[in-house]
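Structural characterization, general
Spelled out, the chains give:
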Amino acid sequence: MSISVRCPSCGKTMRVPDEAASRSIRCRYCHQPFTARSDDSAGERRLNLPIIVAGILFLLGLIAVILRLAGVW
Ligand SMILES: [Zn+2]
C-alpha cells in the first residue's frame, strides 16, 4: 500500500510507500527533504479546528446564560 503526501516546499502531491510514513524523504520534484505525512491525517487536523471553536463558543454561551441566571449580568 502507499500513502499520499504533500511536499511543503513545492506543494506537489506524490504517493510513497507506507513504510516511508513519518520518515524523512526527498521530494521527487524539487528534491527538498521533508518528513512524509499522510494527507489524510492533515485533513483530520484541519477538521479539529472548527470543533474546538464551536466548543469555545458553546462554553462562552453557557457562561453568559449562567451569569444572566445568577443576576450578575
Ligand atoms: Zn517538492
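Please read all numbers here as calculations on a predicted model, not as lab measurements.

**What about the overall build of the chain?**
A count of helical and extended segments in the chain gives 1 helix and 4 strands. Mapped in sequence order, the helices and strands of the chain form the string β-β-β-β-α. Relative to its 73 residues, the chain shows a buried fraction of 4%. Long-range pairs, those at least 24 residues apart, make up 24% of the contacts in the chain with a sequence separation of at least 6.

**Some points on the environment of valine 16**
By the element assignment, valine 16 lies in strand 2 (residues 13-17). Taking the number of C-beta atoms within 10 Å as the measure of exposure, valine 16 has 16 and is therefore partly exposed. Each C-alpha atom of the pair valine 16 and isoleucine 3 lies 5.5 Å from the other, and the pair is 13 residues apart in sequence. Discounting residues that sit within four places of it in the chain, valine 16 has contacts with Ser2, Ile3, Val5, Ile25 and Ala36.

**Regarding unusual backbone geometry**
Glycine aside, residues mostly have negative phi angles, and peptide bonds mostly take the trans form. The phi dihedral of serine 22 falls on the positive side, at around 65 degrees, and the residue is not glycine. Note that serine 22 resides in the loop between strand 2 and strand 3 (24-26). Unlike most non-glycine residues, histidine 31 shows phi in positive territory, near 65 degrees. Mapped onto the elements of the fold, histidine 31 is located in the loop between strand 3 and strand 4 (33-35). For histidine 31, a count of 10 C-beta atoms within 10 Å puts it in the exposed group.

Thresholds applied
- Residues numbered from 1 in each chain as written.
- Predicted model: local features only at pLDDT ≥ 70, side-chain atom pairs only at ≥ 80, totals over all residues.
- Helix = DSSP H or I, 4+ residues; strand = E, 2+ residues; numbered from the N terminus.
- Buried ≥ 20, exposed ≤ 12 C-beta atoms within 10 Å, placed from the backbone.
- Contact = placed C-beta atoms within 7 Å.

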